[in-house]
Structures are given as C-alpha cells and as structure tokens.
Amino acid sequence: MEPASPFVHDAKLFLVILVFLSSTNIISSIATSPRGFVTELIHHDSILSPYYNASATVADRATRARERSVARLSYLKAAMSGNPDSVRGIMFPGEGVFLVSMYIGNPPVHQFMYMDTGSSLTWLHCLPCIGCTTTTSIYDPSRSSTYYPLPCDHDRYCAANCDTQRNECTYRAVYADGASSSGNFATEDFMFYIENEGETFASDIIFGCARAVNEPYRDISGVMGLGNGERSLANQVGTKFSYCIGSLNDPNYAHNRLVLGNGAVLVGPSTPLDLDKGHYFLSLVGISVGNEQLPINPRIFRRRRSGTGGVIIDSGTEWIYLVRDAYVQLRSTVERIVSSYLARVTIRNHPGWLCYRGSPSLDLEDFPPVTFHFDGANLVLGVTSMFQVVTSTAFCMAVDKANGRTPNDINIIGMLAQQHHNIGYDISGRMLYIRQTNCERVN
C-alpha cells in the first residue's frame, strides 16, 4: 500500500478541527471572507486526486487526456443547440480535468467536485442516493444543521419542477451521452481551505442535491458549475473568478488554484467575453508561430448569426481544437519546423496525430512560442502547452481539428493552452484577463 499524500493527512487533521468548531457553533458565526474563496485545483491524474492511479503509464494518462478532450468536444458541439436556461439540459460530459477541493455542511464533509466553466449547475451526491458509488465521502444532508431544501414556492428555481408531496424544488439534468443526475435544489454552506492561508466560508449556496445518478457519473462527487448562467456558483458568490494553472503533466504539481468572488485575480491584458448558452466565447483574431503570422482569415473564428461557431475557453477540455483551415495552417507550420530535426513517428490507434520521437522539454528548446492573438490580449503557448508526451519516447502536437466543416464546429482553448497563466473572468464586466505567470507566486 502506498503512503498517503501529505495533503490527505492535512485534510484529515483540518476536518477534525472543523468538526470541533461546528460542534461549538463557531462556524455559523463566521462571515464570508472579503478576500474571496480560495482553494486548490487538483488535476484528475495528480497524486493528490482521489482518482490517482499509481500504475498508470505516461501513455495511459495521455490516452485519458485525449479521450476526455474528444468527449468534451462532442458535448460542446451538442450544447450549442441546447437550452442553457433549462435544468433538463446538456451540462457536463463525464470526467473532467480539474477537481475542486471543498467542504459542505455543518459538520463539514470533504468533497472533490469537477470544475466546469461550461455548466451553470452545481450538484453533488447526497444520501440517500441511487447509483452513487464515489470513492469519496458522500454528503448526508440529514446530518447537517445548515441544509435547507428549496420549497415549491421558490419562484426562481421552481417554475416547472417540483415534488409537491415533499414540497421540494427538483431538477433533472440529462447529458449528451445519455447519463443523468436528478434530485432536489437546496441551500447549504460551502467551505474552502488552502494550506497556509486558512479557510473561507460561503453561506446559503444553492446547489443540486443529487439523489439518483447513472453511468458515468456514479464515481464522481459532483460538478461545480462556473458558467455564466443564473445558477452558476460564480454568480452566487460574486461575478468574478480566476484560476492559475501551472502544470498538467506533472502529477506532483500542487500549486494550481481557484479564487471565487472579490479576491479573483484580474490582472494583465484583457479581452472581451461573449456570454451565451452558459459558455465563455472569445474574439480570436489570429495565430502566430514565432514572428510568423499564419495566413488565416479571422472570419473563421467568428460566431455565426445562428449562434454556431466561435471560440470557447473551457475548463473541461485539455487539448486545443481548431476549425479545419486554422488547424491545417498551424499543423503545416509546426511540421515544417520540427520535421527538420526530429523523426516522425506513428502512434498506434492514432495515425492522424502529428508525433515525433523525443522529448519536448529536451528536443524543442529552440521551438518558437505559439501565440493566440485575441482582441486586446495574447495567450502564449510554450512547448509543454503545444505538445503532449504520449509515450516514454514520443510526443504529439496537442492540437486537433474540430471534426470537419459542419455548421456547429467550434474552436476550443483547452487547459493545456492555459498552463502557466492566470486566467481571470469578470462576468459582469464581460472581460477575460490573461497573464503569463508562475502560479507558485500568485497571491
């Protein structure tokens, strides 16, 4: 048996302290912090993750990242035709990229929820629950003194969904892959904790208390919806949030963090946010490799009058997806540069990937930065953002085409591209802030 991580020991000790505080009613008297709500973001494959698989190889993790990204692409394309204001809608496609470490209730129960900027519904497993098999502790609302189910006369959440026998406002989320989550809406206290900085509390958060789930949502605690809809947690604690992502590929990296509310880090150049269907759209005007501006017509990045197309920045995708013309230009430029000194290789089951023998950190020291030029701000990608190690001896370009030229093709800026950046969302101001930084130094 492998030794538990220091994070697990710290969390257990902190939980004991929280239980004591709650038993003395100290928690209920603590006001929400004006500095916002700060917590760790834990990559799915991190050693800090409850889903960490010590036997997984580099190839295994790369395959999972790719599968997550493909599933997310399919979801986002389907979501463009969905109704974001309906609780019965397409919201979250299974396994996400980053987990949010948080506590719920009084006494507090530790939870790991997937962060999703493409969903405005926050939900988690609640006892009793049909189909819940998560490996983490399941929240039992009957044991919490701060749990309150929303009644049927709640005008904002119970327009059409209500269990009149129990007098509870209900929800049912049906997903693109056929999975579902259903239960009742309630309010509860959320608590966030980060080592060396302490805890912050958010009271009366509205969330979905999931009483029934099916595959593939049985093994996850829940989803933290940070989309721009009314139900979004981001809109409940303020209209700002930020995250800083250091490394996705290092399972030992422990400095990714999320800040919600007033303390959100909104620094650096900014670019307009277009808010639609619960998602965040950006104005991409061009791509360059080093000093070479790629011959891409910026019109292919624009949204159509029908609401399709455009560029989404997303927390649930790892790879980058571009419409065909942009992808072809970027791929051909990368291939021209890298093929001049590294050998191409073919990865089994993925013959279409652009892959090379070697290591990006060792063999691509002179590869020029790739810059995504937005209206007012740039996102600069180094080699660890442009390429992903897929085996012990090979790596591939972590950019793919968005499956042809269909009316609902979209471009996606995934989390690999956002590495080594602080990304700040000002929802009410409709601006996104981008700053390249070392996440270990972000306050």
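Everything here concerns the structure above.
All values derive from a computational prediction rather than experimental measurement.

(A) Up close: the pattern of salt bridges. Within the structure shown, the criterion is met by eight salt bridges. Among the salt bridges present, the one from R303 reaches D276, with a minimum N-O distance of 2.7 Å. Of this pair, R303 sits in the loop between β16 (292-293) and β17 (311-313) while D276 sits in strand β13 (residues 270-276), and the two are 27 residues apart along the sequence. Classification of D276 as partly exposed rests on a relative accessible area of 25%.

(B) Looking closely at helix α2 (residues 58-79). The end-to-end C-alpha distance of α2 is 31 Å, a good match for the 32 Å that 22 residues give at a rise of 1.5 Å each. Turning to α2, its buried residues number three or more, namely A62, A65, R66, R68, S69, R72, L73, Y75, L76, K77 and A79.

(C) Spotlight on the nonpolar core. Y243 and F372 are the most contacted members of the largest nonpolar core, which totals 99 residues. A total of six residues in this core trace back to one element, the largest contributor, which is helix α4 (residues 324-338). Membership of the second largest hydrophobic core comes to 22 residues, among which are Y114, L150, Y171 and V223.

(D) Main features of the pairing of strand β24 (residues 394-397). Relative to β24, strand β20 (residues 350-357) runs antiparallel, the two sharing three bridges. Bridge pairing in β24 links R357 to A394. Bridge analysis of strand β23 (residues 387-391) against β24 gives four bridges, and the strand direction is antiparallel. Each bridged residue has a counterpart across the sheet, and for F387 the counterpart in β24 is M397. Hairpin geometry of β23 and β24 is characterised by an intervening segment of two residues between the two adjacent antiparallel strands.

(E) Structural context of the sheet that holds β23. As summarised here, the arrangement of the four strands in space is β19-β20-β24-β23, forming an open sheet in which the pairing is antiparallel. The sheet terminates laterally at β19 (344-347) and β23, the two strands that pair on one side only. Averaged over all pairs of adjacent strands, the angle between their axes in this sheet comes to 45°, without regard to strand direction. Both β19 and β20 contribute to a ladder of three bridges, which runs antiparallel. Bridge pairing in β20 links I347 to H350. Across the face of the sheet, α4 comes into contact with β19, β20, β23 and β24 while running at roughly 35° to β20.

(F) Broad picture of the pairing of strand β14 (residues 279-282). Burial of the side chains of β14 extends over both faces: H279 and F281 are buried on one face and Y280 and L282 on the other. Bridging between β13 and β14 involves four bridges; their strand directions are antiparallel. By the bridge assignment, D276 is partnered in β14 with H279. In this structure, the hairpin formed by β13 and β14 is closed by a connection of two residues, where K277 is found at a positive phi of approximately 55°. With two bridges joining them, β14 and β17 adopt antiparallel strand pairing. Counterpart to F281 in the pairing with β17 is I312.

About the thresholds
- Residues numbered from 1 in each chain as written.
- Predicted model: local features only at pLDDT ≥ 70, side-chain atom pairs only at ≥ 80, totals over all residues.
- Heavy atoms only, no water.
- Salt bridge = Lys/Arg side-chain N within 4 Å of Asp/Glu carboxyl O.
- Helix = DSSP H or I, 4+ residues; strand = E, 2+ residues; numbered from the N terminus.
- Buried < 20%, exposed > 50% of the residue type's maximum accessible area, 1.4 Å probe, protein only.
- Expected span 1.5 Å × (residues − 1).
- Core = buried A, V, L, I, M, F, W, Y, C linked by side-chain atoms within 4.5 Å.
- Pairing = 2+ DSSP bridges.
- Axes fitted to C-alpha atoms, helices over the stretch in contact; angles between N-to-C directions.
- Contact = heavy atoms within 4.5 Å.

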